[in-house]
Amino acid sequence: MKPEIHPAYGPVVFRDKAADFAFLTRSTATSDKTVEWEDGNTYAVIDVEISSQSHPFYTGTARVLDTAGRVERFQRRYGSKA
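Within each chain, residues carry numbers counting from 1 in the order of the written sequence. Two thresholds apply to this predicted model, a pLDDT of at least 70 for residue-level local features and 80 or more for giving and counting side-chain atom pairs, whereas whole-chain, interface and lining totals are computed over all residues. Excluding hydrogens and water, the side-chain values take into account all heavy atoms of the structure.

Q: Please provide a residue-by-residue account of the pattern of salt bridges, values included.
A: Counted as salt bridges are all cases of a side-chain nitrogen of Lys or Arg within 4 Å of a carboxyl oxygen of Asp or Glu. Applying the stated rule across the entire model yields 3 salt bridges. A salt bridge links D47 to R15, with the shortest nitrogen-to-oxygen separation between them at 2.7 Å. On the criterion of sequence distance, the pair formed by D47 in strand 4 (residues 42–48) and R15 in strand 1 (residues 10–16) is long-range, its members being 32 residues apart. A salt bridge links D47 to K17, with the shortest nitrogen-to-oxygen separation between them at 3.9 Å. Taken together, the residues D47 in strand 4 and K17 in the loop between strand 1 and strand 2 (21–27) connect sequence positions 30 residues apart. Exposed residues in this analysis have more than 50% of their type's maximum accessible area, buried residues have under 20%, and partly exposed residues fall in between, with area computed by a 1.4 Å probe over protein chains only. Relative accessible area serves as the criterion here: at 28%, D47 is assigned to the partly exposed category. Residues joined in a network through salt bridges with shared partners are R15, K17, K33 and D47. Strands here mean DSSP runs of E at least two residues long; helices mean DSSP runs of H or I at least four residues long; both are numbered from the N terminus.

As structure tokens, this is what we get:
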């Protein structure tokens, strides 16, 4: 890799305020805001709208579409008239 052309890659805290959930990971994203983490160190913090703790797919609150009902309704309307 060429030196000095890549962004800095370091520890960042991503925080989901809706679910009161935060996790520490490494990223190239930066922020002016900081937070003191559980280990006593201070890291940049990025607030996110949705995380695995608040997204319906991960929490199990996702709605299941009634595809069988839709197919039957389509067949009633446009099905073959044999």
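From this point, the discussion proceeds with the structure in view.
Q: Before we move on, could you go through the pairing of strand 4 and cite the residues and values that matter?
A: Where strand 1 meets strand 4, 5 bridges bridge the pair, whose relative direction is parallel. Each residue of the ladder has a partner; that of F14, found in strand 4, is I46. Here strand 3 (residues 34–36) folds back onto strand 4 in antiparallel fashion, the turn holding 5 residues, of which G40 has a positive phi close to 90 degrees. Pairs of strands are assigned from DSSP output, requiring at least two bridges between the strands.

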